[in-house]
Amino acid sequence: MPSSTTRSETISLSTLRGEVTGRVIATDDPGYDEARTVFIGGIDRRPAVIVRVADARDVATVIRLARETGLELAVRSGGHSSIGHGVCEGGIVLDLSEMKALDIDVEGRTAWAETGLTAAEYSTAVAANGFATGFGDTGSVGIGGITLGGGVGYLVRKHGLTVDALLAADIVMADGELLRVDAESHPDLFWAIRGGGGNFGVATRFQFRLHEVPLIVGGILILPGTAEVIAGFVAAAEAAPEELSTIANVMPCPPMPFVAEEHHGKLVVMAIMAFAGETEAGERALAPFRALAAPIVDMLKPMPYPEIYPPDDDSYHPLALTRTMFVDTVDLPVAETIVEHLDASDAAMRVAQLRVLGGAMARVSADATAFAHRNSRIMVNVATFYEGPEDLNRRTAWVEGLAGALRQDDHGAYVNFLADEGTERIRDAYPGATWDRLTEIKARYDPTNLFRLNQNIPPKAS
């Protein structure tokens, strides 16, 4: 592949700077290395130019530049893609991170949000009026990527996916046209962007429905990581009221200051829990989890919703391998399998993450949006750190071994958590008729596959 220096010769930087309001960052500009860094570690790609766009007009200009030069186009909101889709080698990065306008309609209970906002920024702003929209589990994630992929977070059982709160979007298409997309205008495209990822255009703004969430009861609960506790936790989460959404991380306990040293390195269930309802009812819903075993740490309490997000560390760029799947059950034998595999690894961090789904998410028809996994019961994510290239093969084998041991009848995948696993796994994210419909919509709106640096849905051949 040509170097970024060679590639940049096809772009007139002075012309580009005159055409956009936002900041153009070239390879020799201050801040270039910081601007090309994404969340996941081990990604060292050097784009020819990075454009931190200021508005939809800038977005259209960058799209036109990519179309005319043929250079690869990476679109970045928060930069949290698990395989670094927010940056490319020798191409153009369209960086939305400075588009952060937020217009809250308190009376109408809606918000228009630009897609450079992070989940924490948005959540903190709307919480001032007692509202929330459910995103994911990390505050620094950009709302652009997580929304387009579906959005599974702390309100998933009470209020559904992020896309279930999506009312409209402004999208710049491959030809540079800005479309307002909703249930009445371009309904096929509106269907596709609710789970189909960034395959169809660049979303510059979203309109979300706001849910009343003045407080939650939640936080961190750490329990011993035995098979009995794991299976009991999942059973309790399935039996819990829909107001409660949980994420259970089965992992060696990190050396956190609020955990007694005797527990460091031992298997625990580190649960993050959010009950979106009345405080007294929340305490009752959390009681069965506290009763599973003597808690190692119990930080569950009433709190404003944004406090559920852990503090961000800008220097944190882990070398990590992941696999995602859905399963129907995590009973005692499955829990024992998890413990056995975690005990067999010496990686600095390894985890099996369990998210019980259902509730509001499951009441939406599977064909209502491009997110087709409405009936999936439990999401499982397997992950491990690795030290470098020399450590990669054995850690990959471990991740794939545990994922294979846990696989059941549900072969679906959540596109936002997919790693670089090939075309067939992308098809698993969009099963059956969903894939066929998406490829037809792709052919209408992006026939040349300009937006291809993603979990790609190619246009259907004419």
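These figures come from a predicted structure and were not determined experimentally. (Residues numbered from 1 in each chain as written. Predicted model: local features only at pLDDT ≥ 70, side-chain atom pairs only at ≥ 80, totals over all residues. Heavy atoms only, no water.)

Looking only at helices and strands, the protein has 14 helices and 19 strands in total. The C-alpha extent of the protein, read off along each of the three principal axes, is 65 × 55 × 45 Å. Counting over 462 residues, the protein shows a buried share of 56%. When the accessible surface of the protein is summed, it comes to about 18,300 Å², and 50% of that surface belongs to carbon and sulfur atoms. If the 39 positive side-chain charges of the protein are averaged to one point and the 62 negative ones to another, these points end up 3 Å apart. (Helix = DSSP H or I, 4+ residues; strand = E, 2+ residues; numbered from the N terminus. Buried < 20%, exposed > 50% of the residue type's maximum accessible area, 1.4 Å probe, protein only. Areas by Shrake-Rupley, 256 points an atom, 1.4 Å probe, with all protein chains shown as cover. Lys, Arg positive; Asp, Glu negative; His and termini not counted. Charge placed at Lys NZ, Arg CZ, Asp CG, Glu CD.)

Moving on, we come to the sheet that holds strand E4 (residues 92-95). In spatial order, the strands read E1-E2-E4-E3; together these four strands make up an open sheet with mixed pairing. Edge strands, defined here as strands with exactly one partner in the open sheet, are strand E1 (23-26) and strand E3 (73-76). Looking at each pair of strands side by side, their axes are set apart by 20 degrees on average, direction ignored. As defined by bridge partners, E1 adjoins strand E2 (residues 49-52) across four bridges and the pair is classed as antiparallel. Across the sheet, residue Ile-25 finds its bridge partner in E2, namely Ile-50. (Pairing = 2+ DSSP bridges. Axes fitted to C-alpha atoms, helices over the stretch in contact; angles between N-to-C directions.)

We now examine helix H12 (residues 389-406). Taking 1.5 Å as the rise per residue, H12 with 18 residues should run 26 Å; its terminal C-alpha atoms sit 26 Å apart, in good agreement. Within the sequence span of H12, burial applies to Asp-391, Arg-395, Trp-398, Val-399, Leu-402, Ala-403 and Leu-406. (Expected span 1.5 Å × (residues − 1).)

By the definition in use, this model includes 31 salt bridges. Here Glu-68 and Arg-64 are joined by a salt bridge, their closest N and O atoms 3.3 Å apart. Placement of the pair is Glu-68 and Arg-64 together in helix H4 (residues 56-69), with a separation of four residues, close to one helical turn. Overall, the relative accessible area of 26% leaves Arg-64 in the partly exposed class. Here Asp-170 makes a salt bridge to Arg-180, at a shortest N to O gap of 2.3 Å. (Salt bridge = Lys/Arg side-chain N within 4 Å of Asp/Glu carboxyl O.)

It is worth spelling out unusual backbone geometry at this point. The phi angle at His-186 is positive, at roughly 55 degrees, despite the residue not being glycine. Here His-186 lies in the loop between strand E9 (178-182) and helix H8 (187-193). A positive phi angle is found at Asn-449, which is not glycine, with a value near 60 degrees. In this structure, Asn-449 sits in the segment after helix H14 (433-445). Note on Asn-449: relative accessible area 12%, which makes it buried.

Throughout the structure, instances matching the rule amount to 10 aromatic pairs. Taken together, a centroid distance of 6.1 Å and an interplanar angle of 70 degrees make the contact between Tyr-305 and Tyr-309 edge-to-face. Here Tyr-305 and Tyr-309 have matching classes, each one buried. By the ring-pair criterion, three or more aromatic residues cluster together here, those being Tyr-122, Phe-135, Phe-206 and Phe-208. The ring of Phe-190 has Arg-194 lying over it, and the distance from NZ or CZ to the ring centre is 3.9 Å. Over the ring of Trp-191 we find Arg-437, and its NZ or CZ is 3.9 Å from the ring centre. (Phe/Tyr/Trp six-rings, centres within 6.5 Å; stacked < 30°, edge-to-face > 60°. Lys NZ or Arg CZ within 6 Å of the ring centre and 35° of its normal.)

Turning to the packing of helix H9 (residues 227-239) against helix H11 (residues 332-343), a few remarks are in order. Where H9 contacts H11, the axes come no closer than 8 Å and their chain directions differ by 130 degrees. In terms of orientation, H9 and H11 fall into the oblique class. Once H9 is placed against H11, the crossing between them reads as right-handed. Only Leu-332, Ala-335, Glu-336 and Val-339 of H11 make contact with H9, whose side of the interface consists of Ala-227, Glu-228, Ile-230 and Ala-231. Of the residues contributing to the contact of H9 with H11, the split by class is six nonpolar, no polar and two charged. (Parallel < 35°, antiparallel > 145°, perpendicular 65-115°, else oblique. Left-handed = near helix turned anticlockwise from the far one by under 90°. Contact = heavy atoms within 4.5 Å. Nonpolar A, V, L, I, M, F, W, Y, C, P; charged D, E, K, R; others polar.)

Moving on to the nonpolar core. What tends to happen in soluble globular proteins is that the nonpolar side chains get buried as a cluster. Core analysis: the largest hydrophobic core is formed by 63 residues, its most contacted members being Tyr-122, Leu-189 and Tyr-305. Among the elements that take part in this core, H8 stands out by supplying five residues, more than any other. Not counting the four nearest positions on each side in its chain, Tyr-305 is found in contact with Ser-123, Ala-132, Thr-133, Gly-134, Phe-135, Tyr-154, Leu-155, Val-213 and Ile-216. By size, the runner-up hydrophobic cluster in this structure holds 46 residues, among which are Ala-248, Leu-267, Ala-335 and Leu-402. (Core = buried A, V, L, I, M, F, W, Y, C linked by side-chain atoms within 4.5 Å.)

A few words on the pairing of strand E13 (residues 244-252). Among the nine residues in E13, nine count as buried, and that is most of the element. As defined by bridge partners, E13 adjoins strand E18 (residues 350-356) across three bridges and the pair is classed as antiparallel. From the neighbouring strand, Val-250 faces E18, where its bridge partner is Ala-352.

Here we come to the sheet that holds E9. Each strand in a sheet pairs with another by means of backbone hydrogen bonds, the pair being arranged parallel or else antiparallel. Strands sit in the order E5-E6-E10-E8-E9 across an open sheet of five strands; the sheet is antiparallel. Lying at the two open borders of the sheet, with one neighbouring strand each, are strand E5 (102-105) and E9. This sheet shows a mean twist of 15 degrees between the axes of neighbouring strands, independent of strand direction. Pairing of strand E8 (residues 166-172) with E9, which is carried by five bridges, proceeds in the antiparallel orientation. Following the sheet pairing, Ile-171 is matched in E9 by Leu-179.

The subject of this paragraph is the environment of Leu-418. Mapping Leu-418 onto the fold places it in the loop between H12 and helix H13 (423-429). Considering only alpha carbons, one finds Leu-418 and Thr-322, 96 residues apart in sequence, at a separation of 7.8 Å. Apart from the residues lying within four places of it in its own chain, the contact partners of Leu-418 are Ser-82, Thr-324, Ala-413, Arg-425, Ile-426, Ala-429 and Gln-455.

Turning to the side chain of Thr-162, a few remarks are in order. Tracing the backbone shows Thr-162 in the loop between helix H7 (156-159) and E8. Using a relative accessible area of 1% as the deciding quantity, one classes Thr-162 as buried. Setting aside residues up to four positions removed in sequence, Thr-162 forms contacts with Gly-134, Phe-135, Thr-147, Gly-150, Gly-151 and Phe-208.

Relative to the helices and strands, Trp-191 resides in helix H8. Accessibility expressed as a relative area gives 4% for Trp-191, which makes it buried. Distance from Trp-191 to Met-349, taken between C-alpha atoms, is 38 Å for residues 158 residues apart in sequence.

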